[in-house]
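# A look at the structure
So you can see what is in the structure, the chains are spelled out below.
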Amino acid sequence: MRDRVYRTEAVIIRRSDVGEADRVLTILTPLGKQRVVARGARKISSRLAGHIELFTHATLMLAIGRNLHIVTQSNPLERFDRLRTDLERIGAAYYAAELVDRLVEEADENRRAFALLLATLRSLDAGAAADLTLRAYELHLLDALGYRPQLHICAVCGELLTESTDRFSASAGGAVCPRCAIADRQAPPMSLPAFKLLRYLQAQPPEIAGDLRISPATRAEAERLMRAYLHQILERDLRSLAFLEDVRLTQHLAEPDHADTTGMRRFAQGDNDDSN
Ligand SMILES: [Zn+2]
């Protein structure tokens, strides 16, 4: 028989309020994704409240409930406090959490996905370039979950790709050779630097991404290509993308004194989560 209480390592990837004072948490563990409930966590007196913030890496004690299992204790291992002081990093962490939430099914064991999320949160917390860190995360997560984009052989005919490759077809599943590109006129162009960047990030450990020196144009292009590819798989954009874009606009256009970031901050913290 199973114990009534058990322990698991977890990262909190989503939070929503339910009832008078409870929170439902979506957690990613090495054994998969799970929804659990933290009873009374919104009460001021709650001992749990400070230990179940979004993105926290913790050891949780869970009691088996009739429906959702119940968090009885949380011992934080890493809080990633530094990333919470910067809106772009919060946005990137929110995106990383939402992406794995969307791609991983409940109770679908994937230790690599768990390790990738942790590595990404650590890089963001340590100050690595947020966009390159996310590109590496996307490529490795897709690989871990069986959605690896083709960057070495043509996604249509399987021929080995050369440096003359200049198209990326999200619907075909990756880069396409010049011959197949003629047949698929929908496939957007891809520059050689962007092609090389994606291949490099796919082949190297994700931790190196933040240290690369890459031009802004190539980084923006890599982001567009990956977004098109993810859109094809997920069939819609992630909610956190709008948040990330708002942050960039705010950083580029608004003076810090005038930037109204309160709403965005709340959104990123998951406090006005739509519960679904
Ligand atoms: Zn081909």
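Here's what I pulled together on the structure shown here. Model, not experiment: these values are computed from the prediction.

## Focus: the environment of Gly-32
Its place among the elements puts Gly-32 in strand E3 (residues 32-38). Distance in space between the C-alpha atoms of Gly-32 and Ala-113 is 8.7 Å, their sequence separation being 81 residues. Not counting residues within four places of it along the chain, the set of residues in contact with Gly-32 comprises Val-104, Glu-106, Ala-107, Asp-108, Glu-109 and Asn-110.

## What to know about the packing of helix H1 (residues 87-103) against helix H2 (residues 111-125)
One way to put it is that H1 packs onto H2 with a least axis distance of 10 Å and a crossing angle of 175°. On the basis of the axis angle, H1 is roughly antiparallel to H2. Where H1 abuts H2, its residues Arg-89, Ala-92, Ala-93, Ala-96 and Val-100 lie against Ala-113, Leu-117, Thr-120, Leu-121 and Leu-124. For the contact of H1 with H2, the per-class residue count stands at eight nonpolar, one polar and one charged.

## Notes on unusual backbone geometry
In this structure, Phe-55 is a non-glycine residue whose phi angle is positive, near 75°. Inspection of the secondary structure puts Phe-55 in the loop between E3 and strand E4 (57-63). Backbone geometry places Glu-235, a non-glycine residue, at a positive phi of 65°. Relative to the helices and strands, Glu-235 is located in the loop between helix H6 (216-234) and helix H7 (239-253).

## Details of H6
Taking 1.5 Å per residue, 19 residues should reach 27 Å; H6 reaches 26 Å between its end C-alpha atoms and fits that length. Restricting attention to buried positions, one finds in H6 the residues Glu-221, Ala-222, Leu-225, Met-226, Tyr-229 and Leu-230. Burial along H6 is one-sided: seen end-on, the buried residues are contained in an arc of 165°. Every exposed residue of H6 that faces more than 90 degrees away from the buried side is listed here: Pro-216, Ala-217 and Ala-220. The inward-facing, buried residues of H6 abut helix H3 (130-144), strand E6 (167-169) and helix H5 (192-203).

## What to know about the nonpolar core
Across soluble globular proteins, nonpolar side chains have a tendency to be buried as a group. With 72 residues, the main nonpolar core has Ala-93, Ala-96 and Val-100 as its most contacted residues. No other element matches the 11 residues that H1 contributes to this core. Both of domain 1 (5-78) and domain 2 (82-269) provide at least three residues apiece to this core. With residues up to four places along the chain from it excluded, the contact list for Ala-96 reads Leu-117, Thr-120, Leu-121, Leu-134 and Tyr-137.

## Things to note about the packing of H3 against H5
At a closest axis distance of 9 Å, the pairing of H3 and H5 adopts a crossing angle of 65°. Judged by the sense of rotation from one axis to the other, the crossing of H3 with H5 is right-handed. Contacts from Arg-135, Ala-136 and Leu-139 in H3 reach Leu-198, Leu-201 and Gln-202 in H5. Split into classes, the residues belonging to the contact of H3 with H5 amount to four nonpolar, one polar and one charged.

Quick notes on the rules
Residues numbered from 1 in each chain as written. Predicted model: local features only at pLDDT ≥ 70, side-chain atom pairs only at ≥ 80, totals over all residues. Helix = DSSP H or I, 4+ residues; strand = E, 2+ residues; numbered from the N terminus. Contact = placed C-beta atoms within 7 Å. Axes fitted to C-alpha atoms, helices over the stretch in contact; angles between N-to-C directions. Parallel < 35°, antiparallel > 145°, perpendicular 65-115°, else oblique. Nonpolar A, V, L, I, M, F, W, Y, C, P; charged D, E, K, R; others polar. Expected span 1.5 Å × (residues − 1). Buried ≥ 20, exposed ≤ 12 C-beta atoms within 10 Å, placed from the backbone. Arc of directions from axis to C-beta. Core = buried A, V, L, I, M, F, W, Y, C linked by C-beta atoms within 7 Å. Domains from an automatic or database assignment. Left-handed = near helix turned anticlockwise from the far one by under 90°.

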